[in-house]
Amino acid sequence: MTKAIGGAGLRGQSAGSTALCTVGQSGTGLTYRGYDIAELADKVSFEEVAYLLLKGELPNSEQLANYRTKLKGLRGLPQPLKTVLEQIPADAHPMDVMRTGASMLGNLEPEATFADQYEKTDRLLAAFPSIICYWYRYSHDGVRIHTETDDDQIGAHFLHLLHDKKPSELHAKVMDVSLILYAEHEFNASTFTARVCASTLSDLVSCVTGAIGSLRGPLHGGANEAAMELIEELRDEQHARATLAYKLEHKEKIMGFGHAIYRESDPRNGIIKGWSEKLAAEFGDDRLYRVSVACESFMWEQKKLFCNADFFHASAYHYMGIPTKLFTPIFVCSRLTGWAAHVFEQRANNRIIRPSADYTGPEPRSVPDISER
Ligand SMILES: CC(=O)SCCNC(=O)CCNC(=O)[C@H](O)C(C)(C)COP(=O)(O)OP(=O)(O)OC[C@H]1O[C@@H](n2cnc3c(N)ncnc32)[C@H](O)[C@@H]1OP(=O)(O)O
Ligand SMILES: O=C([O-])CC(=O)C(=O)O
């Protein structure tokens, strides 16, 4: 549940309207076009959620089959894009790779008119896992991968490209759920970036590359990687509590905790936490899961701070063999759907977004000659 909040960061102020999502308004906290996140994560696939967000309603069986076939056909990367990806060093930030990859694709396949927006979004949706995995496998393993797998689901396709083999049913399911959880979240910082860009009547890829830049920061999407860096250092529950106590005493932010809108819990957390527990059991070493649970209880006891969507994603992704540096790019592969749906919505009822500022500078004065400064 939300409580009234105000102050810096435009907190608590409405910056527009949307039919896509509610955050903190319904009993359980998060809905996409009226559907509760828990029900979506339980009953449908990410491709159905993408269709829902982008086209307005869940697809029927035939529409879903056609949509999957279409997306599968768009996974290949043009040679000039592969050539660019091959120039990017292994120690580059993978979110910079995503930004450059999206931007290069936008150069090669520009959005000629807004009527192309659905086609261009589907292309990005299909190509993003290929972009990040092509760069990762080339720069880290020295191989040029073929990016067109026959996996029905985008999550399974990502794992297939990354590990060069089809994922287990469990891993494919968890990736699918993860993509659903990350798909959309109202006027968060990256989506708002996309909408501001869209409001100038810019092109879709510019909106998306700007949004990638906003998502990159550790206060937003980058928190799942920062959470992993924290938990991998924790030996056991006692060490977890002592480490957090030290950090809180030194006024450090604990990444993966807290939220700008939710006040008591993030409805995505319980879902990914449940899958992380299952993955821990399969993995055969549950240390990361146990220390994460210890962090969760400690932070609630001490600060009434709760895990957001990112915290248990860290252990879940790690158990599936995903390198930490690829965590936030996966968020991009999912959130693209929300960003694009917001761009469509902004374009359909546009006025340039241009707020005012409260001036705090000097009173009007005249320019002194340079010899007097
Ligand atoms: C998918 C996502 O993007 S979810 C967000 C991912 N980001 C993170 O996990 C980063 C860590 N969390 C944070 O930095 C913040 O909680 C944010 C950025 C998510 C929200 O920021 P705000 O809206 O400013 O937080 P909020 O107003 O609730 O903060 C209240 C108090 O709790 C503190 N606080 C909030 N989160 C944390 C945290 N993770 N660790 C320690 N203290 C915290 C704040 O410093 C603030 O203290 P103060 O009143 O003494 O200044
Ligand atoms: O809503 C926010 O501010 C951040 C968030 O959880 C998200 O974008 O998923």
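Residues numbered from 1 in each chain as written. Chains lettered and ligands numbered in written order. Predicted model: local features only at pLDDT ≥ 70, side-chain atom pairs only at ≥ 80, totals over all residues. Heavy atoms only, no water.

**Student:** Mind showing me how you'd approach the domain arrangement of the chain here?
**Tutor:** How big an interface is tends to be expressed through the accessible area that disappears when the partners come together. When cut into domains, the chain gives domain 1 (21-220 + 325-348) and domain 2 (223-320). Of note, the centres of domain 1 and domain 2, computed from C-alpha atoms alone, are 25 Å apart. Counting residues at the interface gives 33 residues for domain 1, matched by 24 residues for domain 2. Contact between domain 1 and domain 2 buries roughly 2,400 Å² in total, counting both sides, with carbon and sulfur atoms accounting for 68%. Its largest share of buried area at the contact with domain 2, domain 1 owes to Leu181, Tyr182 and Phe327, together 28% of the area lost on that side. For the pair domain 1 and domain 2, the number of links is zero salt bridges. The interface formed by domain 1 and domain 2 contains 11 residue pairs in polar contact (both at pLDDT 80 or more). A per-element tally of the side of domain 1 that touches domain 2 places helix α8 (residues 169-182) first, with nine residues. When the residues that make up the side of domain 1 that touches domain 2 are grouped by side-chain class, the tally is 19 nonpolar, 11 polar and three charged. (Domains from an automatic or database assignment. Contact = heavy atoms within 4.5 Å. Buried area = accessible area lost by both parts, 1.4 Å probe. Salt bridge = Lys/Arg side-chain N within 4 Å of Asp/Glu carboxyl O. Polar contact = N/O pair within 3.5 Å; in protein donor to acceptor, adjacent residues only side chain to side chain. Helix = DSSP H or I, 4+ residues; strand = E, 2+ residues; numbered from the N terminus. Nonpolar A, V, L, I, M, F, W, Y, C, P; charged D, E, K, R; others polar.)

**Student:** What's the story with the sheet that holds strand β2 (residues 30-32) in this structure? I'm lost.
**Tutor:** Reading across from one edge, β1-β2-β3 is the order of the three strands in this open sheet, with antiparallel pairing throughout. Across the chains shown, the open sheet's two edge strands, defined by having one partner strand only, are β1 (21-23) and β3 (35-36). The pairing of β1 with β2 spans three bridges and is classified as antiparallel. Within β2, the position partnered with Val23 by the bridge is Leu30. (Pairing = 2+ DSSP bridges.)

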